[in-house]
Amino acid sequence: MIALTVIAALTPLSPATAATAGRSTIVVAADGSGDYTTVQDAVDAVPSGNRRPVTILVRKGTYRQKVVIPADKPYITLAGDTKDPRDVVLTYDVSAGTPKPDGSGTYGTSGSASYTIEAPDFTARNLTFENAYDEAANGNSQAVAVRTTGDRQVYDNVRFLGNQDTLYANTPSATTVARQYFHNCYVEGDVDFIFGRATAVFDRCVIKALSRGSSDNNGYVTAASTEITNPYGFLIYRSHLTSNAPARTFHLGRPWPAGGSTTARGQVLVRESWLGQQFKDAPWTDMSGLNWRDARLSEYRNHGPGATVNDDRPQLDPREAAKYTPERYLAGRDGWNPVRRPSPEPRPEPGREVLPKGDGWAAATTGTTGGSAARPEDVHVVTNRAQLIAALGDPADNTPKIVYVRGAIDADTDAAGNPLTCDDYAVDGYSLEAYLAAYDPEVWGRDRVPSGPLEDARRASYAKMAEHVTITVGSNVTIIGLGRDAALKSFGLRITNADNVIVRNLTITDTADCFPQWDPTDGEEGNWNASFDNVEVSGSTHVWLDHNTLNDGDNPDSGQPRYFGRPYQVHDGLLDVVRGSDLVTMSWNHLSGHDKVTLIGNTDDPARYDEQDKLRVTLHHNYFEGLGQRTPRVRWGRVHVYNNYYRGGDTHAYSIGVGVGSKVYAEANAFDGIAADKVLSVFGGTAITAKGNLVNGRTVDVVAAYEAATGATLGRDVGWTRRLRACTRRTHCGVWCRRARRRPPPVNPQ
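Let me begin by describing the structure that accompanies this report. Here the structure is a predicted model, which is why all the values come from computation and not from measurement.

Viewed as axis vectors pointing N to C, helix α10 (residues 432-439) and helix α12 (residues 453-469) meet at an angle of 140°, and their least axial separation amounts to 10 Å. With respect to α12, the axis of α10 lies oblique. Classified by chirality, the crossing of α12 by α10 is left-handed. Contact residues: α10 offers Ala 434, Tyr 435, Ala 438 and Tyr 439, while α12 offers Leu 454, Glu 455 and Arg 458. Broken down by class, the residue content of the contact of α10 with α12 amounts to five nonpolar, no polar and two charged.

The next subject is empty space enclosed by the protein. In the structure shown here, the tally under the stated rule is two cavities of 30 Å³ or more. The volume enclosed by the largest cavity comes to roughly 50 Å³. If you trace the largest cavity, you find 13 residues lining it, with Phe 624, Leu 627, Tyr 646, Arg 647 and His 652 closest to the centre. Here the residues of the lining of the largest cavity sort into five nonpolar, seven polar and one charged. Around the second largest cavity, the lining residues are Asn 131, Tyr 133, Glu 135, Ser 141, Ala 143, Gly 162, Asn 163 and Gln 164.

Before going further, it helps to spend a moment on the packing of aromatic side chains. Per the stated rule, a full pass over the model turns up 32 aromatic pairs. Where Tyr 430 meets Tyr 435, the ring centres are 5.8 Å apart and the plane angle is 50°; that geometry is what we call tilted. The exposure class assigned to Tyr 435 is buried, which follows from its relative accessible area of 0%. One aromatic cluster in this structure is built from Tyr 430, Tyr 435, Tyr 439, Trp 444, Phe 515, Trp 518, Trp 528, Tyr 563, Phe 564 and Tyr 568. We note Arg 633 situated over the ring of Phe 683; from NZ or CZ to the ring centre the distance is 4.0 Å.

Mapped onto the elements of the fold, Asp 203 is located in strand β15 (residues 199-203). Other than its neighbours up to four places away in sequence, Asp 203 contacts Tyr 181, Phe 182, His 183, Asn 184, Tyr 237, Ser 239, Val 339, Arg 340 and Arg 341.

It is worth spelling out the sheet that holds strand β14 (residues 191-196) at this point. Pairing within the open sheet is parallel, and its seven strands lie in the order β4-β7-β9-β11-β14-β17-β20. If you trace the sheet from one side to the other, it starts and ends with β4 (67-69) and β20 (250-253), each paired once. Here the strands of the sheet are splayed against their neighbours by 10° on average, with no regard to which way each runs. Of the strand pairs in this sheet, β4 and strand β7 (residues 115-117) are connected by three bridges, and their pairing is parallel. Its bridge partner being in β7, Val 67 is matched across the sheet by Tyr 115.

Take α10 next. Of all the residues in α10, the buried ones are Tyr 435, Leu 436 and Tyr 439. All buried residues of α10 lie within an arc of 100° about the axis, which places them on one face of the element. The secondary structure elements touched by the buried residues of α10 are α11 (441-444), α12, β31 (517-519), β32 (527-529) and β36 (562-563).

Here we take up the pattern of salt bridges. The full count for this structure, using the stated rule, is 32 salt bridges. Of the charged contacts in the structure, one is a salt bridge between Arg 152 and Asp 121, with a shortest N-O distance of 2.8 Å. Remark: Asp 121 occurs in the loop between β7 and β8 (123-131) and Arg 152 occurs in the loop between β9 (146-148) and β10 (153-161); sequence separation between them is 31 residues. One network of salt bridges, with partners in common, ties together Asp 121, Asp 151, Arg 152, Arg 179 and Asp 334.

This brings us to the layout of surface pockets. One number sums up the size of the largest pocket: a volume of about 1900 Å³. What lines the largest pocket is a set of 47 residues, among which Arg 204, Pro 342, Val 354, Ser 372 and Ala 373 lie closest to the centre. For the lining of the largest pocket, the elements supplying multiple residues, two or more each, are β8, β10 and β29 (499-504).

Right, let's get into the nonpolar core. Counting 79 residues, the largest nonpolar core has Ile 495 and Ile 656 as its most contacted members. For this core, the leading source of residues is α12, giving five residues. Beyond its immediate stretch of four places on either side in the chain, Ile 656 contacts Thr 631, Pro 632, Val 641, Tyr 646, Val 664, Ala 666, Phe 671, Val 679, Leu 680, Ser 681 and Ile 688. Grouped together as the second largest cluster of nonpolar side chains are 59 residues, Ile 69, Leu 90, Val 187 and Val 268 included.

Attention shifts here to helix α8 (residues 385-392). Among the residues of α8, those classed as buried are Arg 385, Leu 388, Ala 391 and Leu 392. Buried residues in α8, looked at end-on, bunch into an arc of 130°, giving them a common side. Its side-chain oxygen placed 3.2 Å from the backbone nitrogen of Ala 386, Asn 384 serves as the N-cap of α8. Positive phi shows up at Gly 393, right after α8, with a value of about 65°.

Our focus in this paragraph is the state of the cysteines. Counted according to the given criterion, the structure contains two disulfides. Linked covalently through their sulfurs, Cys 422 and Cys 514 form a disulfide whose S-S length is 2.0 Å. The disulfide joining Cys 422 to Cys 514 has a torsion of about -75° about its S-S bond and is therefore left-handed. Separated by 92 residues along the polypeptide, Cys 422 in helix α9 (residues 422-425) and Cys 514 in the loop between β30 (507-509) and β31 bring together distant segments of the chain. Classification of Cys 422 by relative accessible area gives partly exposed; the value is 35%.

Right, let's get into the environment of Trp 274. For Trp 274, the position within the fold is in strand β22 (residues 274-275). Separated by 34 residues in sequence, Trp 274 and His 240 place their C-alpha atoms 4.8 Å apart. Here Trp 274 is in contact with Ser 239, His 240, Leu 241, Thr 242, His 303, Gly 304, Pro 305, Asn 398, Ser 475, Asn 476, Asp 499 and Asn 500, once residues within four sequence places are set aside.

To continue, consider the side chain of Arg 633. Residue position: Arg 633 is located in strand β44 (residues 633-642). No salt bridge is formed by the buried Arg 633, whose closest oppositely charged neighbour, Asp 604, lies at an N-O distance of 4.5 Å. Leaving out residues up to four positions away in the same chain, Arg 633 has contacts with Thr 598, Leu 599, Ile 600, Tyr 654, Gly 657 and Phe 683.

This part takes up the pairing of strand β18 (residues 234-237). In regular strands, side chains alternate between the two faces of the sheet. Neither face of β18 is open: one carries Phe 234 and Ile 236, the other Leu 235 and Tyr 237, and all of them are buried. Relative to β18, β15 runs parallel, the two sharing four bridges. Across the sheet, the residue bridging to Asp 203 is Tyr 237, located in β18. With four bridges connecting them, β18 and strand β21 (residues 267-271) associate as parallel partners. Bridge pairing in β21 places Tyr 237 opposite Arg 271.

Quick look at the environment of Val 146 now. Along the polypeptide, Val 146 turns up in strand β9. With relative accessibility at 0%, the residue Val 146 sits in the buried group. Sequence separation of Val 146 and Ala 113 is 33 residues, and the distance between their C-alpha atoms is 5.4 Å. Not counting residues within four places of it along the chain, the set of residues in contact with Val 146 comprises Tyr 115, Ile 117, Phe 129, Phe 160, Thr 166, Leu 167 and Tyr 168.

Thresholds, definitions, all that
- Residues numbered from 1 in each chain as written.
- Predicted model: local features only at pLDDT ≥ 70, side-chain atom pairs only at ≥ 80, totals over all residues.
- Heavy atoms only, no water.
- Axes fitted to C-alpha atoms, helices over the stretch in contact; angles between N-to-C directions.
- Helix = DSSP H or I, 4+ residues; strand = E, 2+ residues; numbered from the N terminus.
- Parallel < 35°, antiparallel > 145°, perpendicular 65-115°, else oblique.
- Left-handed = near helix turned anticlockwise from the far one by under 90°.
- Contact = heavy atoms within 4.5 Å.
- Nonpolar A, V, L, I, M, F, W, Y, C, P; charged D, E, K, R; others polar.
- 1 Å grid on protein atoms, 1.4 Å probe; cavity = no way out; pocket = protein on both sides within 12 Å on 5 of 7 lines; lining within 4 Å.
- Points joined across faces, edges and corners; volume = space filled by probe spheres on them.
- Phe/Tyr/Trp six-rings, centres within 6.5 Å; stacked < 30°, edge-to-face > 60°.
- Buried < 20%, exposed > 50% of the residue type's maximum accessible area, 1.4 Å probe, protein only.
- Lys NZ or Arg CZ within 6 Å of the ring centre and 35° of its normal.
- Pairing = 2+ DSSP bridges.
- Arc of directions from axis to C-beta.
- Salt bridge = Lys/Arg side-chain N within 4 Å of Asp/Glu carboxyl O.
- Core = buried A, V, L, I, M, F, W, Y, C linked by side-chain atoms within 4.5 Å.
- Polar contact = N/O pair within 3.5 Å; in protein donor to acceptor, adjacent residues only side chain to side chain.
- Disulfide = S-S within 2.5 Å.
- Lys, Arg positive; Asp, Glu negative; His and termini not counted.

In short, shape yes, function no, at least from these values alone.
Written out as structure tokens, the structure reads:
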């Protein structure tokens, strides 16, 4: 001990190191305002054999440097100085094949790492590790952002960016174990971008698989080389596995026998996570002669469009799953438990609120959480069309997002914010005057739909308009209005082939079609047919639409002229749920001043979209005011309609439509200004369960009223019983649902 002290006393320290010796915080700032300008200099200032916690605080900036944190410098925390990991980027840009400057060969996979972190008891938070090697310019190659080999390492709110071999989670040797905990992290890459021998838990992370442009195989998320003696390799837990790659072009992983190891049998469990469309139905595959079935690759209770169960996807049973929790993976012999559990908040950030348990069909199975898992870089506040489109991004990129809408955003504006009119969308010589002249029934007749150059021009003009005003929402998104004036005007909001979407606190108004089609064969007198819905839920699952206002604004169809003796309709549906959508809840919305309101089911053909076993939809506490029809019209599906308030008007035709395969359960709704025999209309349906509904203040059997008026007979049992939360006598619609007319409490600006 005396000898060591003497040696230390005789070893000169650099002035900078001497200045920071014994300090618990060392500041790195690229502009020279801290203790050091590089991370490596700060690491070098920590003494070997360190036994005290030291924080290296890195100020905003990009730091390009290869860094090694050696095994003899434990208890270091490397932290960005803000909570946004984008503010501090630690990067370098060499690949495995890049020649070393000294001419001694190439870097190799391990040597390509921007950061090599060997130290035990290490923590990183609020920053980004990156390997910026340019594959497009230099060719595909392994290029590691971080190589970890230390035990008891924690990475909290950290991003790892790269392509092939982004995160090398490893151990010092095949005979040692290193435990690493990644919490609220973001990892992106393409080939084997989470790989190695470590015991690593990814808890509530976003793991994004990048497309390489292939229509068949874009890569592999994991390549674990867990030794057979180690029961725990990689656990991906309650995370979102997203991608911008085409459907069924990615693997969950393959087992890697590192260095030709004969004892490596990769262990990976993906459990309770959301899997995007990118995954193959057989998502595990062989590697380097090792059959994936000889490794330990499995799943447990995953959901999302990429989750399924088949013979090529081993699943744990609940008893086995109890042995494979984050705590079990990380405990080791010393009982280490770094696992973060979300602390209950009295009121979470509005964009992170999720659909409560039991709240309608959208709460079934995995529930609906929208963009609640969004990382800071994926939370946006938008005030114009360009910002909204940029925030939503590519619908195929299903990274969790929260989009706050501030103020009213008009789709009918150009890039500079100038207003657009119908004339701006017209192409190929289209004009309404010419269209009316060409297809006047006195000229065209009434036995065929329009065709020819002007109809082609109408279609092309419609397509141009649709491209401009339609916005498509992908999976794992929450769109929510800030304040009472948040509105989307003239937009057609499309939730298409998505899962897990929330839309709240928005006025969605006047989705008008400048180019409706005249169809003389539609009905006895012909009709004008528009093609835009304010909101369309198409081929999507787990969708919650809550506290929204939908109407035609100051452009109602009642104010349009009549052409060919028929109303010139420029609006289609207000809110349709079609093309095999499933598990949808519509709650506390105000829908008013419109004709065709909500269609559930796209066609009477049961085979076209396989809708007969889908379309489970709940409508509760909605206020339907001054509407014509379809509130809702149900073609297929187990649809629960309860505690809604209906106020009739001059245009009212019917409220609930009983379609060919519908199984509507309607209870405790209130209808004012609507005749009892006009509550229902039947379109080939055979049954509806209706209980405890009020018509003009009195409890009425609306099925009996319909039968008395029409002479028809309807069944009273639709073959299912509601399982989810419904009303009680005390909260009957006659009292309750009138409150839905009130605007919900505004979301305050963040």
